[in-house]
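Here is what each chain is made of, one letter per residue.
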Amino acid sequence: MSLTQLAKRFESAAATVSIASRMMLGLDTNSVPSDWNHITKVDPEGGKHLPLLFPNYLSHTSAVSVGGSRDVTDENTEETFALLSDSGATAFHEPSAATHVTEQTREHSAFLAVPEVLNGDSESLVGTLGEGLNYVREDLGPELLERKLGLPLDGLFGDRATDFIAGMMMKEAVFEAYIIMNTDSAAAREGNVTEDDLLTPQQAKERALAAQHHLDSEVIYLEYSGTYGGDEAAEILDAIDDGVSWSQIWYGGGLDNRENAEQVLDAGADAVVVGDVFHRVATAEADLFAQAQAEFDDETSAGELRDWVADNIAIEDSAAVSYLSTIPDVENPQERAIEYLAAGIEFGLAVTAVADALSDPTAEEIRSAVASQEFAIESAFRTISGANTELVDEVATGLLAQHFDCELPERSVAEHFALEL
């Protein structure tokens, strides 16, 4: 038997074992954890900000998906991953362009998520994937190998080595099979999904079965992109859930309260995906801090700030409550929202006090002033067990550098936050 024949038999046997493990034995071989029930989408775009206490909010979500469609670069993607990594959140990468995938993002992300649009055109299903594979093969792969091996690939393994890298990256990737049901959305425009492409529950079930059995898609993603699908989405989820057994089912679109999240989870979704409302928390937090600055200083107690937040905003209608309400494990979203918003104000006031003690400082003076303060431990971030004080110092330093228009030699994270001192 030739080596080629032996390799083919081995691949066939491995495929048989894999299918039997999934379908006959019911073993969970899906690389996406089955206990994930809430995914937070974080957009690296400069206009999409993080709440100051983003580690607190994200401590309740199952995982974070990093990616966006506008004004996203490899640089701000790397910065976002670094922040999330420092916070302890489990994050994966869903890039909108192949060039957003770098060695740094691969190091920080749990896996690479590759979108496939099941009801769009062929470009949205295979064209984008082909473009990404070509980038890995022609650019990222050789760069990684030459850095690791320390010598050029010419004459060593040539295309076989970069083909191997591309193949391994796809083997390790998670494939998200999208069914897009809101034609008035960026996702629909990118996937060329029109009214004629919208699916009935039965059609959605059939596409999901094809994605599970033929495409090996780890995730079936029903996407309404900013609009809540309601009863229609529930019917589609119920149909998909009746068909697939191995793929995880996710729902995204317009979720901002507990009732909607529970409806789609009860209908068959394994996890809900929430994005826009999380970024709205940052905007609301910045507006609230601007009000608090006129009334308080860094001597104000945490209890006073919590009372002020509770008295000055309709907490039940706040973005913080809307986001936290979509997380099944958060028992009292309003209480948590008051705590986190007040703690964000407390942290901002502490950083403002440092700013008031400085005058046209250098980068080194800013770092020294932050390092000399104990607020990093005693401030807002104390609400997280084992708070990462280096992250707190980095955020404080970045905000101060932005306030004084001082350029830092290291990365500045200020653009990822809406708050201004």
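Residue positions are given per chain, counted from 1 along the sequence in the order it is written. Restriction of local features to residues with pLDDT of at least 70 applies here, the model being predicted, together with a cutoff of 80 or more for giving and counting side-chain atom pairs; totals for whole chains, interfaces and linings are based on all residues. Side-chain numbers here rest on the full set of heavy atoms in the structure, without hydrogens or water.

Visitor: Which residues make up the overall build of the chain, and what values do they have?
Guide: Helix and strand content of the chain: 17 helices and 8 strands. Accessibility here uses a 1.4 Å probe with only protein chains present; expressed as a share of the type maximum, an area under 20% marks a residue as buried, one over 50% as exposed, and anything in between as partly exposed. Looking at the chain residue by residue over its 421 residues, the buried ones come to 50%. The contact rule is simple, with two residues in contact once any of their heavy atoms fall within 4.5 Å. Contacts in the chain between residues at least 24 apart in sequence constitute 73% of all its contacts with a sequence separation of at least 6. Runs of E in the DSSP output that reach at least two residues are strands. Runs of H or I that reach at least four are helices, and both are numbered from the N terminus.

Visitor: Explain the sheet that holds strand E5 (residues 174-180) residue by residue, including any values.
Guide: DSSP bridges decide pairing: two strands pair if at least two such bridges lie between them. Pairing is parallel in the open sheet, where 8 strands are placed in the order E3-E2-E1-E8-E7-E6-E5-E4. Two strands bound the open sheet, and with one partner strand each, they are strand E3 (91-93) and strand E4 (113-117). When strand polarity is set aside, the average angle formed by the axes of neighbouring strands in this sheet is 30°. Pairing between strand E6 (residues 219-223) and strand E7 (residues 248-252): 5 bridges, direction parallel. Looking at the pairing, Leu222 lines up with Tyr251 of E7. In the packing of helix H11 (residues 276-293) onto the sheet, contacts are made with strand E1 (38-42) and strand E8 (271-274), and the angle to E1 comes to roughly 60°. Working convention: axes come from line fits to C-alpha atoms, limited for helices to the stretch in contact. Angles between N-to-C directions cover 0 to 180 degrees.

Visitor: Explain the side chain of Thr77 residue by residue, including any values.
Guide: Among the secondary structure elements, Thr77 is positioned in helix H3 (residues 74-87). One polar contact links the side chain of Thr77 to the main-chain carbonyl oxygen of Thr73, over a distance of 2.6 Å. Ignoring anything within four residues of it in the chain, the contact list for Thr77 reads Pro44, Val66, Val72, His93, His100 and Thr105. Between N or O atoms, a polar contact is any pair within 3.5 Å; within protein, one atom must be a potential hydrogen donor and the other a potential acceptor, and residues adjacent in sequence are included only when both atoms are from side chains.

Visitor: Explain a negative patch on the surface to me, and be specific about the residues and the numbers.
Guide: On the surface, Asp231, Glu232, Glu235, Asp238 and Asp241 cluster together into a negatively charged patch. Relative to the helices and strands, Glu235 is located in helix H9 (residues 230-243). For patch building, the residue pool is restricted to those with more than 30% relative accessible area and no salt bridge; the joining distance is 9 Å between like charges and 5 Å between nonpolar side chains (Val, Leu, Ile, Met, Phe, Trp, Tyr). Only the protein chains shown count as cover for residues, and the accessible areas themselves come from Shrake-Rupley with a 1.4 Å probe. In the sections that follow, a salt bridge refers to a side-chain nitrogen of Lys or Arg positioned within 4 Å of a carboxyl oxygen of Asp or Glu. Positive charges are assigned to Lys and Arg, negative charges to Asp and Glu, while His and the chain termini are left out of the count. For charged residues, the charge sits on one atom: NZ in Lys, CZ in Arg, CG in Asp, CD in Glu.

Visitor: Which residues make up the packing of aromatic side chains, and what are the values?
Guide: Aromatic rings in a pair are described by how distant their centres are and how their planes are angled relative to each other. Each Phe, Tyr or Trp ring (for Trp, its six-membered ring) is paired with any other whose centre lies within 6.5 Å, and the angle between the two planes then decides the class: stacked below 30 degrees, edge-to-face above 60, tilted in between. Per the counting criterion, the structure on display carries 13 aromatic pairs. Taking the centre distance of 6.1 Å and the plane angle of 15° together, the rings of Trp36 and Phe92 count as stacked. With Trp36 in the loop between helix H1 (3-24) and E1 and Phe92 in strand E3, the pair connects residues that are 56 residues apart, well separated along the chain. Assessed through its relative accessible area of 0%, Phe92 is described here as buried. Residues Tyr57 and Tyr323 carry aromatic rings whose centres are separated by 6.3 Å and whose planes lie at 65° to one another, so their mutual orientation is edge-to-face. Here Tyr57, found in helix H2 (residues 54-58), pairs with Tyr323, found in helix H13 (residues 319-325); they are 266 residues apart in sequence, far enough to count as distant. Tyr57 gets classed as buried once you look at its relative accessible area, which sits at 0%. The buried category is assigned to Tyr323, whose relative accessible area is 0%. An aromatic cluster is defined as three or more aromatic residues linked by ring pairs; in this entry it consists of Trp36, Phe92, Phe111, Tyr178, Tyr221 and Trp250.

Visitor: Help me get a handle on the pattern of salt bridges, residues and values and all.
Guide: Scanning the entire structure with this criterion turns up 4 salt bridges. Among the salt bridges present, the one from Glu94 reaches Lys41, with a minimum N-O distance of 3.7 Å. On the criterion of sequence distance, the pair formed by Glu94 in the loop between E3 and helix H4 (103-108) and Lys41 in strand E1 is long-range, its members being 53 residues apart. For Glu94, a relative accessible area of 10% gives the class buried. For Lys41, a relative accessible area of 24% translates into the label partly exposed. In this structure, Glu364 and Arg367 form a salt bridge, with 2.8 Å as the shortest nitrogen-oxygen distance. Of the two residues, Glu364 and Arg367 are both situated in helix H15 (residues 363-371); the distance of 3 residues between them amounts to about one turn of the helix. Here Glu364 falls in the partly exposed class, since its relative accessible area comes to 48%. In this structure Arg367 comes out as partly exposed when scored by relative accessible area, which is 28%.

Visitor: Got a sec to walk through the environment of Val413? Specific residues and values, please.
Guide: Within the secondary structure, Val413 sits in the segment after helix H17 (389-403). On the accessibility criterion, Val413 (1% relative accessible area) is buried. Taking the C-alpha atoms as reference points, Val413 and Gly398, separated by 15 residues in sequence, lie 5.4 Å from one another. If we ignore the near neighbours within four places in the chain, the residues touching Val413 are Leu83, Glu394 and Val395.

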